[in-house]
Structure formats: C-alpha cells, structure tokens
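Report on the structure
What follows is the residue order along each chain.
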Amino acid sequence: MRALAHDFRHALRLLVRQPGITLISCLTLALGIGANAAIFSAVDAVLLRPLPWPEPDRLVMVWEKRPREGVMRNSVSPADYLDWRASAKSFDAVSGYSSSAVDLTGRGEPVRLTAGSVSSAFRDVLRIRLVTGRFFTKDEEAVGRHRVVVLGHDAWTRRFGANPNVVGSLVTLNGVPHEIVGILEPFEFPDREVEIWTPLALEGGPRPPARASHFLDVYARLRPGISVEQARAEMNAIGDRLSKEYPETNELHGSHVVSLRDELIEPVRAGLLLLLAAVGFVLLIACVNVANLLLARAISRRREIAVRSALGASRARLAAQGLIESIVLALLGGGAGVLVAYWVVAALPYLTAEAGNVVGLERVGIDTRVLAFTLVLSLGTGALFGTMPAWQLSRQDANEALRDGGRSIAGGRRRLRTALVVAEVALASLLLVGAGLALRSFQAILSVDPGIRARGVMTAYVSLPDARYPERDRQVAAFTAIEDRLRAIPGVLSTGATSMLPMSGRNARSGIVIEGREAGDGPTRAHPRGVTPGYFQTVGISLLRGRAFTRQDDDRSKLVAIVNEEAVRRYWPQASPIGARVRFTAEEDWREIVGVVGDVRHWGLTNPVEPELYLPLSQRQYPWSGMSFVVTGSGDPESLVPDMRSAVRAADADLVVAEAMAMEDVMSRSIDRQRVTMLLLAVFGGVALLLAGAGIYGVMSHVVSLRTSEIGVRMTLGAQPRDVLRQIVGEAVGQTASGLAIGLAGAFFLVRVFRTMLFEVSPADPLTMAGVALILLASALAACYVPARRAMRIDPVTALRAE
C-alpha cells in the first residue's frame, strides 16, 4: 500500500509539472466520459430499471390485431373490451383507458385539462394508492352514475392548493357537476398529460357499446404463474370466437398481448442504444488522443525512465507507475466529466420535451448509479489509454536511452502512434457516417409532402360541454357560429374546422360497407373526419375529382362523403369512386361519394397513409363534441390568437380555446424524436471530428519536432520547402485515408443494425459516405497545415548546429 500511495503522489506531481498535457487530456476525457455518463443515465432510467409499479413483470397491454393488414397494435372497441374482460381468465385485473380534454369551470378562468377515463380495476392493475378518499366503484362505470372524479396529485397541488378537504366537493367539468371522491398519490403513467381521472362509462347509455369504433387502450395484470405467452394463447382463442360471432365488424380481427415493458421501451430502445454507441465511439477517440499525448510525453521521459531502470526498477514496477499515472489522469477527467454530464442531463428535458411520453425520463439524473458507472468508466478508461504508453516506457533499452539523451524516436513507437491516428480516424468516420445518415434521413422526412399547407395556418381546439350541447343540431349550430366569428376577424382570409387535426394525435377508425363489394374481397375500413366546407381550402388539401362540401350539404340534403386517394387505390382501383355509395358499419344510411382529395400524412411524416372518409360536419349522425379550427390570415398567424379567443368567448363565455398552435409547430412536434436523435448524433459527430483533427495535429506536430535534424539535412542536400510540405501532408493524408477505408468499411456493416431508424435512406448511401470522406480529408489537411508550414521554415544550419 505504501508503494501504491507513493506512485499516486508521484503521478500527481508529474501531472502538475506538465499542466499543458494534463489540461488537454482532462478536457478530452471529460467530454468522452461526461457524454457517456449523461446518456447512460437515460439508458439506465428508461431501459435498465424496472417499471415504476409493483410487480411490473406482470403488467401487459392487450391490443386488437389485424395481421392481414400488418397491424398488431390497434385500439380496441368498447364491445370487444367488455367481452375480453368477461371471458379472459389469465388476468387479475383488466382496465380500459381513453383520454379526452375537459373544461374546468366555476373556479376562476376556465381551463382545459386532460382527463383519463379508466375502469374501476385500473387501481388494481397499476396498484396505485390514494392520499385520501377512494377510487371508482364498478357501479360508477355505468352512464348516469359516472359523475365522479379522482384528482391526480399534480392537479390537486397546482389547481386545488393541496387541500385534502376538496374530497366530497363538486367540480364542474364540461358544464356538468362532478363529485371529487379521491386524490391519488404521485405515480407515473405513459400519458403524462393526464391530470384528472374519471370512470370509463361504457354501459347503460342510449346505445349499446360500439364494436366498430376503436378508441381504447387496454391494460391488464397477469395472474400469478401466468406467462405472457399463455395469456396471448387464451386471448387469441377469444379473438377467434368473436370474429366468428361478429363477422361484419370482427372478421380477421384478433387480440395481441404484449408485455407493458416491451410496449413502453420498444419505441425508444434503438434510439437510446444508438446514442450510447455514439458516445462510446467518442470516448474511444478521446482515449486514442490521450494515448498519443502520453506516448509523446514518454519520449521526453526516456532518460528519466532509463535512470530509474539503471537504479534497479523492474519493468513491472515501471509499467505499474505508468498505468497509475494514466488512471490518476482518467479520474481527474472523470471528475470533470461529471460536470459535463450534469450540463447534458440538464439540457435533456428541453431536447426531449416533445419526444413522446416515455416512462422513466423523469428519473434521468446524476444519482449514485450514474456516479458509480462514471467511476468504473474512468478507471477502465485510464487502463485502456494508459496500457500502451506504460508498456512502451517499461520495455525501452536503458543504455540506448542514456546514450542518445532521450532525443531519438524509435521506429516502433512512431508506427504505434501512426496506428493510433488511423484507429482514431476510423472511429470518427463510423460516428460521422451515423450522424450523416441521421441527417439525410431527417432531410428525407422534411421533404415528404404532408398533403397540407402548414405555413401561415393557425389552429385551435374547442370542445362543447355535453350538458349544454347535448343534441347534434345545437353542436353544429355552435361550431358554425364560432367559425363565422373567426371569419369576421380583421385580416383573416379563410377558416375551417375538422374533428381530427392532422398530426395532432387525434384519430378515429371505423368499419365501412361499400355498396356492391363482396364480403370476401377483404376488410373495408376508413378513418372518418368531420369537416366544414372551408377546411380543404384553408389547409390546402387539393381537390382532385368531383366537388368539395358546401353549406347546402346539411340534414335536408342527401348524405355525401369525400374520400382520399389511398381509399381509391384500395377500394376502387379500376373505377371512379364518384357516385359510389358507402356507409359505416354502425349506420344504416348510405352516403354518396362526391369528391376525391389528396392524401394527408395524418399520423406523421414517416407513417403510411390510410383510407380516409371526410364527412360534412352537419351530416354526421352522431355528434362531434370537439373541433379543431384552422385559420389563415394576412400576417403572422400567432398574432391571431387573442382575436380567436375573443371570438370563441363571444360565442360562449365558458368555452375554452385549447392548443392554440401554428400548424407548422404541430407538424414539427410530430418529428421531434427524430430531430433529437439527429441533433445529438450531429453534436457527438462534431466532437469526434474535432478530436480526430486534434489527434492528427498532435502527431504531425510531434513528428516535425522529432525530425528537425533530418529535415535540415534534406534541405542542405537540396530539398525544396515544397518537397517537405508534400511529405508531411502526404503522411497525414495517407493516415487519414487508411482510417477512412477501415471506418467506411465498418460503417457499411454496422449501420445496418440501425437501418429501421432510417427513412428512405440506404445504410450505404453514397452521398453520406463521400461527404464523410471529404470532411475528414479536409480536417486532416487543416490539422497538418501548421506543422507542415513549420517544417518548411526550418533553417538547415540551425537544425544541424542543434544536432
């Protein structure tokens, strides 16, 4: 232990005597170790830790599947959910879930809240606990008895002052009094926007639970001893039975049971692992850079090591001393890396704010697990980059070192440093290829035609309280009045409204019947969108055939519909759909198709288009309770928001304008996850490029200093400065080219692992490969320029005199 302590003190004194190398090495390692610690904190919180609920391995989600259409995770209809719950024996508890926006009034300014509607069994599924009060009962799942609410902990503290006495009081939601029956303790849920909870009332209404309308997520807890595979087999049997009992709505349908952990983690697993691999490459490049610095320092210490060896120090003792020096340096870099990690982690919420609801992001931080990882990583890093310099120091010939005074450079050591530069360029090229492909993929996403005009369009969502607007006629009149008031705002050019704003996350799907189409021709389904006549023009959806809707398309006229191009491709590939008749499975009346419009990327720019059926708002046979209004004006769309709010309040003072947002921002949010991945990869790629350039500069600068006498002799014998320049630049370019060849070959195979994250870009994209090659060659030329210029200016006489 005494020898070890002595070695540590000696290492610290040595680092203090060489502050330049110490500072550069610490900063280099801080970047690599800090980036790894920050990304590991996200990987640990999201991928490695168990889900934040008791016995999380027993939690599953149950989806509807349509394998013929390639759909394995579709929302569930209320009727199917109730049948599943009644028949399945594999679950301890099963709960449906849907979210909706509700208006809270009577407590000052009206506010919009997100409500989660769940079954009474939801408490048993996630094992949530209450601060006070109770959860819902099974009786409260019936329409008419469901006017109760449980407050989420955040809503209770922010909107009710954390007053426990609110239990038993009334709160007005959508114009209807609800009794507060309980307050939840803090708990995580995939939909982080939910603030209050209401019963999922599916039975006891004027209509039986729908089987053709799909909007539920289903969560369940497995019975002890039941595996996911067993539950899946049972649910497959139940799905087969329902498809035979209800062929019109359930033919070729089934159920799909999946672990809740897999469901929540799968969308982000590849991205997080990709970022972890990227920062791993950054750390390896940092290690190579520091190893090169230590090799350069080892040359200047040859005489010192020779003296110690002559005095009796063994090779093992010298190697251990060199390794300890490297570990001390790595620990200093790791300490600085913790600060870098804090900064990166602090920035992650801003980068991932719109990247989706990912359970575990709230736990990302620098805790003891991350600090332990950083310590182990620092020790491993020190051992990694310190092994070669320590080995080189211990194996040198003491007599030779004392004879030449420490001035010469061994050919083997020079080849080793060259090999390290080649490895550094290879690693940098791997990372830059990944960043380049992410950039190319993101450019491809941005080039996708969304089917709408986003620039200059302002959106706002308005929902009507059921208590004051129970009938469809009153709802249609209210929405029409709001649209008329919006159109009267000075500067407004066009207005419209839709029940399902593209890329907003809202959607609906229903089975349809096409007149004259045989049942054996395959399933026919479409996504209904209620719209007003001005909607297509306002958002720039092109009318391809037929006509658009008019104000005359009301209850007194024949029922009409407009389809998109994808519906035509699937259901009328050989004929014009104009004049054809369709109806929803749950309806009796036929609708005549009067127009065809262009496809809209409703689910996001990277998702496929589905058949859509547009309906006039005034002809929907059951009411739309909420509409997204779209407005274009002559100026900045954001400037319209105050007037839009005033127009809605003029129609009804208790209505809330929610989600007022420019359509460009709505579209931007739909690709935030890809943007975050691209941005982080670009940052790490830039760091790798800087480190690679610094490594090339360091090696070439050191080579020039060690070859001063050689260059002086060559210039004395007639070599021109341009010959010296050509040689130095040629060596740097040769090393870079070798590293590029290795790196690009490796990238060709490695990137294929993440090909599913690319969008319309090949893993072997030639433009990306060429761009990376040009960037690295340019950085190599820039890095070796200063050493080459210094070599050109060497005075032969001075060089020879010094020798």
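We now turn to the structure provided with this report. Values in this document were obtained by computation on a predicted structure and should not be read as measured data.

Basis of the calculations
- Residues numbered from 1 in each chain as written.
- Predicted model: local features only at pLDDT ≥ 70, side-chain atom pairs only at ≥ 80, totals over all residues.
- Heavy atoms only, no water.
- Helix = DSSP H or I, 4+ residues; strand = E, 2+ residues; numbered from the N terminus.
- Buried < 20%, exposed > 50% of the residue type's maximum accessible area, 1.4 Å probe, protein only.
- Contact = heavy atoms within 4.5 Å.
- Areas by Shrake-Rupley, 256 points an atom, 1.4 Å probe, with all protein chains shown as cover.
- Core = buried A, V, L, I, M, F, W, Y, C linked by side-chain atoms within 4.5 Å.
- Polar contact = N/O pair within 3.5 Å; in protein donor to acceptor, adjacent residues only side chain to side chain.
- Patch = residues over 30% accessible without salt bridge, like charges linked within 9 Å, V, L, I, M, F, W, Y side chains within 5 Å.
- Salt bridge = Lys/Arg side-chain N within 4 Å of Asp/Glu carboxyl O.
- Axes fitted to C-alpha atoms, helices over the stretch in contact; angles between N-to-C directions.
- Parallel < 35°, antiparallel > 145°, perpendicular 65-115°, else oblique.
- Left-handed = near helix turned anticlockwise from the far one by under 90°.
- Nonpolar A, V, L, I, M, F, W, Y, C, P; charged D, E, K, R; others polar.
- Pairing = 2+ DSSP bridges.
- Phe/Tyr/Trp six-rings, centres within 6.5 Å; stacked < 30°, edge-to-face > 60°.
- Lys NZ or Arg CZ within 6 Å of the ring centre and 35° of its normal.
- Expected span 1.5 Å × (residues − 1).
- Arc of directions from axis to C-beta.
- Lys, Arg positive; Asp, Glu negative; His and termini not counted.

Right, let's get into the overall build of the chain. Of regular secondary structure, the chain possesses 23 helices and 22 strands. By the burial criterion, 53% of the 803 residues in the chain qualify as buried. Partitioning the contacts of the chain with sequence separation of at least 6, the portion at a separation of at least 24 is 82%. Counting only carbon and sulfur atoms, one obtains 57% of the accessible surface of the chain, whose full area is about 34700 Å².

Once that is clear, we can look at the nonpolar core. In terms of nonpolar packing, the biggest core is built from 89 residues, with I452, Y535, F536, I541, F549, Y614 and F684 touching the most fellow members. Here this core takes 14 residues from helix 13 (residues 411-446), the largest share from any one element. Setting aside chain neighbours within four positions, we find F536 in contact with V531, I541, A548, F549, I562, V597 and Y614.

Before going further, it helps to spend a moment on the environment of R66. Topologically, R66 is positioned in strand 1 (residues 59-66). In this structure R66 comes out as buried when scored by relative accessible area, which is 7%. Not counting the four nearest positions on each side in its chain, R66 is found in contact with V71, N74, L252, H253, R509 and R525. A polar side-chain atom of R66 sits 3.5 Å from a polar atom in the side chain of E64.

Let's shift gears to a nonpolar patch on the surface. Taken together, the side chains of L331, L375 and L379 define a hydrophobic patch exposed on the protein surface, amounting to about 230 Å² of accessible area. Along the chain, the position of L375 falls in helix 11 (residues 368-395). Taking relative accessible area as the criterion, L375 reaches 47% and is therefore assigned partly exposed.

Moving on to the packing of helix 3 (residues 78-87) against helix 6 (residues 228-245). Where helix 3 contacts helix 6, the axes come no closer than 11 Å and their chain directions differ by 130°. On the basis of the axis angle, helix 3 is oblique to helix 6. Where helix 3 crosses over helix 6, the handedness of that crossing is right-handed. Contact residues: helix 3 offers D80, D83, W84 and S87, while helix 6 offers E234, M235, I238, R241 and L242. Of the residues that constitute the contact of helix 3 with helix 6, the class distribution is four nonpolar, one polar and four charged.

To continue, consider the pairing of strand 6 (residues 148-151). Residues V148 and V150 of strand 6 are buried on one face, and the alternating residues V149 and L151, pointing to the opposite face, are buried as well. With four bridges connecting them, strand 6 and strand 8 (residues 176-184) associate as parallel partners. Pairing of V148 across the sheet is with E179, part of strand 8. With two bridges joining them, strand 6 and strand 9 (residues 194-199) adopt antiparallel strand pairing. Paired with L151 across the strands is I196, a residue of strand 9.

With that settled, consider the packing of aromatic side chains. Each aromatic ring pair is summarised here by two numbers: the centre-to-centre distance and the angle between the ring planes. Evaluation of the coordinates by the stated rule reveals 16 aromatic pairs. Between Y97 and Y219, the aromatic rings sit 6.3 Å apart at their centres with planes inclined by 75°, giving edge-to-face as the arrangement. Separated by 122 residues along the polypeptide, Y97 in strand 3 (residues 91-105) and Y219 in strand 10 (residues 217-222) bring together distant segments of the chain. Of the two residues, Y97 and Y219, neither departs from the other in class, the shared state being buried. With 5.1 Å between their ring centres and 80° between their planes, F536 and Y614 make a pair best called edge-to-face. Here Y614 lies in strand 20 (residues 612-616) and F536 lies in helix 15 (residues 535-539), a separation of 78 residues in the sequence. For Y614, a relative accessible area of 3% translates into the label buried. What links up through ring pairs into an aromatic cluster is the set Y97, F122, F187, F189, W197 and Y219. Directly above the ring of W590 sits R583, whose terminal nitrogen or CZ lies 5.3 Å from the centroid.

Let us now look at the pattern of salt bridges. The final tally for this structure, using the stated rule, is 34 salt bridges. Across the salt bridge formed by D44 and R49, the nearest N and O atoms sit 2.9 Å from each other. The pair D44 / R49 is uniform in exposure class, with both members buried. Of the charged contacts in the structure, one is a salt bridge between R455 and E664, with a shortest N-O distance of 3.9 Å. Of the two residues, R455 sits in the loop between helix 13 and strand 12 (457-463) while E664 sits in helix 18 (residues 663-669), which places them 209 residues apart along the sequence. You can call R455 exposed: its relative accessible area is 65%. Taken together, the salt bridges that share partners define one network made up of E55, R58, D92, R127 and R223.

All right, on to unusual backbone geometry then. The backbone of A162 shows a phi angle near 55°, a positive value even though the residue is not glycine. Tracing the backbone through its elements, the reader meets A162 in the loop between helix 5 (153-159) and strand 7 (170-173). Backbone geometry places E760, a non-glycine residue, at a positive phi of 55°. We classify E760 as exposed; its relative accessible area is 65%.

Residue placement: S625 occurs in the loop between strand 20 and strand 21 (626-633). Here S625 falls in the partly exposed class, since its relative accessible area comes to 39%. Residues S625 and P465, spaced 160 residues apart in sequence, show a C-alpha to C-alpha distance of 7.6 Å. If near-sequence neighbours (up to four positions away) are discounted, S625 is found in contact with V462, S463, L464, D466, Q475 and F479.

The next thing to look at is helix 14 (residues 472-487). In this model, helix 14 (16 residues) spans 23 Å end to end at C-alpha, consistent with the 22 Å of a helix rising 1.5 Å per residue. Inspection of helix 14 places Q475, V476, A478, F479, I482, E483 and L486 among the buried residues, and these make up the whole buried set. When helix 14 is viewed along its axis, its buried side chains cluster within an angular range of 165° and face the same direction.

It is worth spelling out the side chain of R221 at this point. Among the secondary structure elements, R221 is positioned in strand 10. Salt bridges are absent for the buried R221, whose nearest opposite-charge side chain, E55, sits at 4.0 Å. Of the polar contacts made by the side chain of R221, one reaches the backbone oxygen of P54; its length is 2.8 Å. Beyond its immediate sequence surroundings of up to four residues, R221 is in contact with P54, E55, R58, L59, S90, F91, D92, A93, D124, V125, L126 and R127.

In this section: the packing of helix 14 against helix 17 (residues 641-651). The interhelical angle for the contact between helix 14 and helix 17, taken along N-to-C directions, is 140°, at an axis separation of 9 Å. For the element pair helix 14 / helix 17, the angle class is oblique. Crossing geometry of helix 14 relative to helix 17 is assigned as right-handed. Seen from helix 14, the contacting residues are I482, R485 and L486; seen from helix 17, they are M644, A647, V648, A650 and A651. Looking at the contact of helix 14 with helix 17, its residues break down into seven nonpolar, no polar and one charged.

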